[in-house]
Amino acid sequence: MATATKLLLTDLMSGVNHVPSNYVRHISDRPNLSDVQISDASIPLIDLKDLHGHNHSNIIKQIGLACQTDGFFQVKNHGVPEEMIKDMLSIAREFFKLPESERLKMYSDDPSKTTRLSTSFNVRTEKLSNWRDFLRLHCYPLEDYVQEWPNNPPSFREQVGEYCTSVRGLVLRLLGAISESLGLEKNYIVEALGKQGQHMALNYYPPCPEPELTYGLPGHTDCNLITILLQDDVPGLQVLRNGKWVAVNPIPNTFIVNIGDMMQVISNDKYKSVLHRAVVNCNSERISIPTFYCPSPDAVIGPAKDLISHDQPAMYRNFTYAEYFEKFWNRGLATECCLDLFKPN
Ligand code: OGA
Ligand code: NI
């Protein structure tokens, strides 16, 4: 059968035991899987229990430190029920097991679509592909989007909807805590977003016959404000730390939180949007589910006034999130981060 007509990696892959050439990275741009530090101690694990009680100031301190030094942390006792997490992962797995014709109903290569299944990163602009299929959903306000979502598996809308609402609660708690950790009003960041946006991706990384030649996702920063990542029990996420890639191994019932580009801007470079990537492996499929929290397209984003001073001048000009988002999607992950394009003149 001709494989060239397959739209999705999942379908292209059945029976293939070499990585097709459009997935093969240049020798200077490969994951070097043996040179990765395996350690979970390096990404802080923060217990959110008593965030609103006796441990408040201590937790705020830990979050501030993690945002400043790592740009990444893990959270436990985050308030999202264990059962909901389990259901979210199994529904994602079920979706990607549906017959090709059923999945393809959701396919689109248009990044502006609010519900779509696609592959790689941006197939319209990129020459090199990534070893990933993904379903991307806008999810806030839920009632504006839920009708577009898949209704197969039959409980998809209900279960994913509940998950989104619960994760949004966690995001709002974290944004309050992060505002405080910057010495800002608790509501400062939420209010800077205008009409808030929440998107999620269901990432599906099929097993790969030659994982050393390609990426699930190459090194990138997230363009949004903050990302809450749920991963299954298969390792694959790596974070750049002191110039080395560090594997973040899964811990059940924890989320991985990372600072996105917009948080770096609002914090006037105090907090860092850090490079991370996903590698693949030859034995197991892997599922990860990031929730991306972002400003509304017309929100004007810039460094918080209280964080600008004579010693710490504004590191960015003001811009709308729409302007940033457009640049991010069109460069096709070719430049790792586009913050440099928004420095003051
Ligand atoms: C992303 C991302 C990491 C992963 O989707 O932006 O960084 O582990 N995913 O899948
Ligand atoms: Ni990312």
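Before reading further, recall that the structure is shown in the block above.
None of the values given here were measured: they were computed from a predicted structure.

Some remarks on the overall build of the chain
A count of helices and strands for the chain gives 9 helices and 15 strands. Viewed in the frame of its principal axes, the chain has a C-alpha envelope of about 65 × 45 × 40 Å. Out of the 345 residues belonging to the chain, those deemed buried represent 54%. Look at the contacts in the chain between residues 6 or more apart in sequence, and 76% of them connect residues 24 or more apart. Carbon and sulfur atoms form 51% of the exposed surface of the chain, whose accessible area is close to 15100 Å². Each charge class in the chain can be summarised by its mean position, and for the 33 positive and 40 negative side chains these summaries are 2 Å apart.

Observations concerning the packing of aromatic side chains
Applying the stated rule across the entire model yields 10 aromatic pairs. Ring centres of Phe95 and Phe96 lie 5.2 Å apart, and the angle between their planes is 90°; on these two criteria the pair is classed as edge-to-face. Both rings, one in Phe319 and one in Phe342, keep their centres 4.6 Å apart while their planes meet at 50°; by these two values the pair is tilted. On the criterion of sequence distance, the pair formed by Phe319 in strand β15 (residues 319–320) and Phe342 in the segment after α9 (321–330) is long-range, its members being 23 residues apart. The residues Phe319 and Phe342 share a single accessibility class, namely buried. In this structure an aromatic cluster arises from ring pairing among Phe95, Phe96, Trp149, Phe156 and Tyr204.

Observations regarding the site of ligand 1
For ligand 1, the set of nearby residues contains 13 residues, the closest of which are Tyr205, His220, His276, Arg286 and Ser288. A distance of 3.0 Å separates an oxygen atom of ligand 1 from a polar atom in the side chain of His276. One of the side-chain nitrogen or oxygen atoms of Ser288 is found 2.6 Å away from an oxygen atom of ligand 1. Burial of ligand 1 by the protein chains amounts to 95% of its free accessible area of 290 Å². When each cavity is represented as a set of grid points, ligand 1 is found to reside in the largest cavity. Taken together, the elements giving at least two residues each to the shell around ligand 1 come down to β6 (197–205), β7 (217–220), β12 (276–278) and β13 (286–294). Ranked by residues supplied to the shell around ligand 1, first place goes to β13 with 4 residues. Of the residues belonging to the shell around ligand 1, the class tally is 7 nonpolar, 4 polar and 2 charged.

Let's talk about the nonpolar core
By size, the foremost hydrophobic cluster in this structure holds 78 residues, and its most contacted members are Ile63, Ile178, Met200, Leu202, Ile226, Phe255 and Ile289. Take this core: its biggest share by element is 11 residues, from helix α6 (residues 156–181). Setting aside residues up to four positions removed in sequence, Ile178 forms contacts with Ile63, Cys67, Ile189, Ile226, Ile259, Met263 and Tyr271. Grouped together as the second largest cluster of nonpolar side chains are 11 residues, Leu12, Trp131, Ala278 and Val280 included.

The rules behind the values
Each chain has its residues counted from 1, following the order in which its sequence is written. Lettering for chains starts from A, numbering for ligands starts from 1, and both go in the order in which the items are written. Only residues with pLDDT of 70 or above have their local features reported here, since the model is predicted, and side-chain atom pairs are shown and tallied only from 80 upward, although totals for entire chains, interfaces and linings are computed over all residues. With hydrogens and water set aside, each side-chain value is computed from the structure's full complement of heavy atoms. Where helices and strands are cited, they refer to DSSP runs of H or I of at least four residues and of E of at least two residues respectively, numbered from the N terminus. Each residue gets one of three labels from its accessible area relative to the maximum for its type: buried under 20%, exposed over 50%, partly exposed in between, using a 1.4 Å probe on protein chains only. Throughout, a contact is declared for two residues whenever any of their heavy atoms are within 4.5 Å. Under the convention used here, a 1.4 Å probe and the Shrake-Rupley method define accessible areas, while residue burial counts only the protein chains that appear. Asp and Glu are treated as the negative residues and Lys and Arg as the positive ones, with His and the ends of the chain left uncounted. Charge placement uses NZ in Lys and CZ in Arg. For Asp and Glu, CG and CD serve respectively. Centre distance within 6.5 Å is the pairing criterion for rings of Phe, Tyr and Trp, where only the six-membered ring of Trp is used; planes under 30 degrees apart are then read as stacked, over 60 as edge-to-face, and the remainder as tilted. We call a residue near a molecule or strand whenever a single non-hydrogen atom of that residue lies within 4 Å of it. Counting of polar contacts relies on pairs of N or O atoms within 3.5 Å, with two restrictions inside protein: one atom must be capable of donating a hydrogen and the other of accepting it, and residues adjacent in sequence are counted only when both atoms are side-chain atoms. Computed over the protein atoms alone on a 1 Å grid, cavities are sets of points where a 1.4 Å probe fits but cannot get out and pockets are open sets with protein on both sides within 12 Å along at least five of seven lines; a residue lines them when it has an atom within 4 Å of a point. Those molecules having more than half of their atoms within 2 Å of a cavity or pocket grid point set are described as sitting in that cavity or pocket. Here the nonpolar group is Ala, Val, Leu, Ile, Met, Phe, Trp, Tyr, Cys and Pro; Asp, Glu, Lys and Arg are the charged ones; every other residue, Gly included, is treated as polar. The nonpolar core is taken to be a set of buried Ala, Val, Leu, Ile, Met, Phe, Trp, Tyr and Cys residues, with the residues joined through side-chain atoms within 4.5 Å.

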